[in-house]
Every structure is written in C-alpha cells, then in structure tokens.
Amino acid sequence: MMERQVRACPTVPLISLDTVWFQVAGTLCNLRCTHCFIACSPRNHTHAMLSLEEVRRTLKEAAALGVKEYYFTGGEPFMNREIFPILEATLRLGPATVLTNGLLLDPKRCAKLRALDSGSDYSLDLRVSLDGWGPEDHDRIRGAGTFQRAVKGIQNLWEAGLNPVMTVTELAVGIASPEGRKRFLRTLRSFGLDKPRLKVLSLFRMGAEENRDRGYYSWERLTESDVIDPEKLQCGSGRMVTSQGVFVCPLLIDHPEARLGSTLSESLRPFELAFPSCYTCHVQGVTCRT
Amino acid sequence: MPESIAVFGGVYSNYLALEAVCRDAKGRGAEALFCLGDLGAFGPHPDRVLPVLERFQVASIQGNYEESLSQRHGDCNCGYTDPRDNHYARISYEYTSLKTSETTKDWMGTLPTQRRLDFGGRRVLMAHGSPRRINEFLWYSTSSASFLSRMLGTHQSDLLLVTHTGLHWHRKLGEDRDVVNVGVIGRPPNNGRPEVTYTLLTSGRDLRVEFVPVAYDHTRLAREMAEEKLPEEFIQTILTGWWTTCLEILPAKERALSRY
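Cut-offs used in this document
Residues numbered from 1 in each chain as written. Chains lettered and ligands numbered in written order. Predicted model: local features only at pLDDT ≥ 70, side-chain atom pairs only at ≥ 80, totals over all residues. Heavy atoms only, no water. Buried < 20%, exposed > 50% of the residue type's maximum accessible area, 1.4 Å probe, protein only. Helix = DSSP H or I, 4+ residues; strand = E, 2+ residues; numbered from the N terminus. Pairing = 2+ DSSP bridges. Right-handed = clockwise from strand over helix to strand, strands pointing away. 1 Å grid on protein atoms, 1.4 Å probe; cavity = no way out; pocket = protein on both sides within 12 Å on 5 of 7 lines; lining within 4 Å. Points joined across faces, edges and corners; volume = space filled by probe spheres on them. Nonpolar A, V, L, I, M, F, W, Y, C, P; charged D, E, K, R; others polar. Axes fitted to C-alpha atoms, helices over the stretch in contact; angles between N-to-C directions. Contact = heavy atoms within 4.5 Å. Salt bridge = Lys/Arg side-chain N within 4 Å of Asp/Glu carboxyl O. Polar contact = N/O pair within 3.5 Å; in protein donor to acceptor, adjacent residues only side chain to side chain.

## As for the pairing of strand 3 (residues 69-73) of chain A
Every other side chain in a regular strand lies on the same face of the sheet, so the side chains alternate between the two faces. Residue and element names in this part refer to chain A. The element strand 3 is largely enclosed, with a buried count of five among its five residues. Burial along strand 3 is two-sided: Glu69, Tyr71 and Thr73 and Tyr70 and Phe72, pointing in opposite directions, are all buried. Where strand 2 (residues 19-23) meets strand 3, five bridges bridge the pair, whose relative direction is parallel. From the neighbouring strand, Trp21 faces strand 3, where its bridge partner is Tyr71. Note that the unit made of strand 2, helix 1 (residues 52-65) and strand 3 has a crossover that is right-handed. Once the chain exits strand 3 it traverses helix 2 (residues 83-91) before rejoining the sheet at strand 4 (residues 96-100), and the crossover so formed is right-handed.

Structure (structure tokens):
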C-alpha cells in the first residue's frame, strides 16, 4: 500500500486552472488491466459514473473560471450511456479529449463522434491505449483478444475521419527510444493510419500495477530539497472531477488526502506532493495531457 | 495613433518573404509594422533579416528564439514535447545560433518581451506565445473562448495578438474583445500553397482583421536553403506549403487538415 510520508515535501500551487478532467465512467471498465493505477474493473464501484447533469454543472463553473480544455477518462468512458450528450455539451465550450481502450468504438459510435467533431470549432480528440507491439504483450495486460479489438476500433475511427492518438505505456519494451518510436509508428501505418500520432506514458506503481510488478520503493518520494517546477506538473494547471468531489489529478482519486473540495472553486489551493506517484511525475516529466 | 497596422510573427530567417510582406503591407496603407518574434529558425542566413526590419522600421518583440539566442541557451525552448518535433527544432536552432553574430544576439536581448498599443481605443497587447508564457501554443481548436476571455481580463487588454504556432486565426469574444493569432511569415500555414500570411488590422467602429497571403521568391529561398545544407524536409515545406516537421504538436483538428 502507498503510505503518506512523514518527511517534509514540496508544495505545488495551482498556477492557473487550464485543464479539467472528468472521471466520467467512474472506476467502471469493461477490462481489468493488470497495470491500471486505479484498478478499474467491471466491479469497481469506488467512483460512480458522472451524469450529464453533474458534468453540466461543472462545465458551467469551469467556463466561469476560464478553463481551457477538458479530458474524459474512467474506467471506460464509452460505458457511460450519456457520453455523447456530455461531449456535445463540452464541445460547445471548449476542446475535449476522451481516453478509451477502443473496444466499444464500432462504426456507429465513430460516426457519431465524427459528427460531434464536425459540429464544433473545437477539437474532439480520442486517445486509444495500446500496451505493446502486438497481441502478445497487449493481451497479457488487457485480456485475450483485446489487441485486435482495439485495432479495429482505431481503424473505425480512422475510417470515420478521426485520427486518434495512440497512448502506449513503457511496457512496450523499447518504445521510449527513437528507434522504438519509429518502429511503433510503422506498426500504426500498417493498420492504415497514414498520419499516426503517439504518446508514450510512464508506469505508475500503484493500483493493480502493485501486484503485477511492484509498488514504489520507500525512497521513491519527493523531499523538501527537490526543486519542482509547477509549470511542468499537471497539478499546477489541472484538476480531476469525480462523483466524490474534486481531486488534484487523475492518478490520486483513491486517496482522500488528494480530494481538495466538492467544487472546482474549492479545489484551487496548493497541494503537497507527498505521494510516490508525484515522484514519477516530477522525475519523468509526466503529464496525463496529450 | 495608427488606424491600420500590419502584424506578423515567425520570420524564421525568411528575409525574402519579410521584404515582400513589408512592401505589401505598406502598399495597403499599413502605418506601422510589428513583428511578434522568432526572427530566426528554419531558413538560411539569419543575419539578412535585421537590415530588412530596419529598412521598413518594423518594431519587434522577443520570441523564444531571441530569448534563447540572447541568453546563449543551448536550445530554442520552442516548447515541443515529441522527440521528432524536437529533433528538427534542434537542427534549426544549432544552424541559426552558429550563423547569428554575437552583436545581433545581444541586440535581440534588448527587445521588449511584450508591447502595448492604443488602437482606436482598444487596448492592444502583443506577445509571442501568450502573455503568460513565451512558448505557449495558442491554437484555434484548443483555446476555449472562456480561457481567452480570462486571459484578456488578467492582462487588461481588449485585443490580444500572438503568434508561435504558425497558424493564424481570429476569435471574437463578444463586443470589441478579440484574440488574433497573426500567424508566421517564415513558412506557409500548412495549406498546400507557397504563399505566407500576415495580418492587417484596421481600426474603426468595428475592428477589421484580414489575413493577407503574399507570394515571394520561394524557389530562391529553397535554393539558398539547399546551399546551406538545411534539411530537405524544410525545403519541401517552402516549396509545397505543407509542413513536414513539427507536426506532432498540432491538435486533432489542425492535424486533420494537414497532409502529413
């Protein structure tokens, strides 16, 4: 289990609320990935799905605060039956990005997404997770047959006229090197995507990942002597909205100490970087934004 | 107080386009010319830009290039996050830094980082990326109206002019409140045409914002780039009008309109 440290740690101010995340599917997912940092699954009800009404309320507050962009994650966002009206309401106010495993992206849903995108001045971006070079790696983490199904979802998006970003964790061995990236882009081209987009994500050693590999070592913590740059940390410019209130970031929604209030306005205060995942963000320069 | 001004960014050492743009703007009656920074990068012979700026009395502010060059930084601080984008940014910066004289680098450090102007009663603020960060990318499809309104409020202005992204746009935020990305004149706006685009602003009861495409001797520029052994990818952009590098930073909508 992750424990709060007793040593003093740096504090990050919210410089500007630019990014608002929605835990739109709660912790419910149609998969049970072995590296999920919040251990989402078909039975994890820790955070409930957000309703259109709840999202609308937050959007109204966010617009008044001058928020720049919106992200949607879960769980699997397309399990939320109100996801389309939610995205429609969002795209009236600003750009939206949806993080998905791609399994529910059938041609009909992709056509609806394309229509939403065409109807807005703002970008609707999709991010589909792939965890490896092929079914061998990916399916070991995400479940049998999921690689082929995700690729089908990606191709459906592409055929509908949308060009998703592929999010790949470092479990795809070698992905972080220039050659690794090149090779991965070639793989994506082989699926028919001629303008492949790629984002590599670090692993967070928490949630399900603690059992798959290992948790954080006790020394993987930030201390007072670490010089942090709030502009480079996503907690310096973003907040995460879940059914249980507003949290500092998408990674820490299982930690009551990371809950900063019940509304965005209540969550604008500084945050103490006491969690080992804060160490990963600082050291590896991670942001969940695209 | 001028009634018509021309504003552009990102000269990127394209002194031929710069000269064509300045002539065009004067011809259309622009009373003052402004550059929002990034005089160097991408193109050949960076030291040929300064004399043209002086000849046409273009008032410039610093871009991230001027900031980095004048402070003798090792990189351009362009703000890219993708390794492929950064690879080409590095080539560009190393060439420009090598070919820019020490005197010019010092001069770049004397340029202001922002400029304010009264334009027909509108409070204009000029910045490179954004008023809060020199290398912030403000794209049309990812800058919400509420965010831009907040920015105008925070920085006490009615008309904000920025560049940095390479793509021009205009967002009206209600009565007499506007944000304009004036675009760049160093390379085409990724539209498959070789012309570059600057912004002509005319004050009056309503603000008029025109994006003016300008043709110039781009084949000569391409030839000089080849002579300087600049990457073939850069030359192709000048010739075809399609970006071949720094594409990963583009948001979904802007990328969809892109050839590569």
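## Let's talk about the layout of surface pockets
As a volume, the second largest pocket reaches approximately 540 Å³. Along its surface, the second largest pocket is lined by 20 residues, and Lys182 and Leu185 of chain A together with Arg84, Tyr88 and Glu248 of chain B are the ones closest to its centre. Elements represented by at least two residues in the lining of the second largest pocket include exactly helix 6 (178-190) of chain A together with helix 4 (83-99) of chain B. It is helix 6 of chain A that provides the largest number of residues to the lining of the second largest pocket, a total of six residues. Residue composition of the lining of the second largest pocket, by class: eight nonpolar, two polar and 10 charged.

## Points about empty space enclosed by the protein
All told, the structure shown has five cavities of 30 Å³ or more when counted by the stated rule. Size it by volume and the largest cavity reaches roughly 600 Å³. Lining the largest cavity are 32 residues; nearest its centre among them are Cys36, Phe37, Thr73, Ser129 and Arg142 of chain A. Within the residue set of the lining of the largest cavity, elements represented by two or more residues are strand 2, strand 4, strand 5 (124-130) and strand 6 (165-169) of chain A. Of the residues contributing to the lining of the largest cavity, the split by class is 17 nonpolar, 11 polar and four charged. Reported here for the second largest cavity is a volume of approximately 250 Å³. Around the second largest cavity, the lining is made up of 22 residues, and of these Tyr12, Cys78, Tyr80, Arg187 and Cys246 of chain B lie nearest the centre. Of all the secondary-structure elements, those providing two or more residues to the lining of the second largest cavity are helix 3 (64-70) and helix 4 of chain B. Here the element with the most residues in the lining of the second largest cavity is helix 4 of chain B; it accounts for three residues. Broken down by class, the residue content of the lining of the second largest cavity amounts to 15 nonpolar, five polar and two charged.

## Things to note about the sheet that holds strand 4 (residues 115-119) of chain B
Residue and element names in this part refer to chain B. Taken in spatial order, the five strands of this open sheet run 4-5-6-8-7, and their pairing is mixed. Strands at the two margins of the open sheet, each flanked by one partner only, are strand 4 and strand 7 (169-172). Going from strand to strand, the sheet's axes swing by 15° on average, the running direction of each strand aside. For strand 5 (residues 122-126) and strand 6 (residues 159-162), the ladder comprises three bridges, and the chain directions are parallel. Note that in strand 6 the partner of Val124 across the bridge is Leu159.

## Focus on the interface of chain B and chain A
In this assembly, 28 residues from chain B lie in contact with 26 residues from chain A. There are six salt bridges connecting chain B and chain A. If you look at where chain B meets chain A, you find 19 residue pairs in polar contact (both at pLDDT 80 or more). Within the residue set of the side of chain B that touches chain A, elements represented by two or more residues are helix 6 (145-154) and helix 9 (252-256) of chain B. Looking at side-chain class alone, the side of chain B that touches chain A contains 11 nonpolar, six polar and 11 charged residues.

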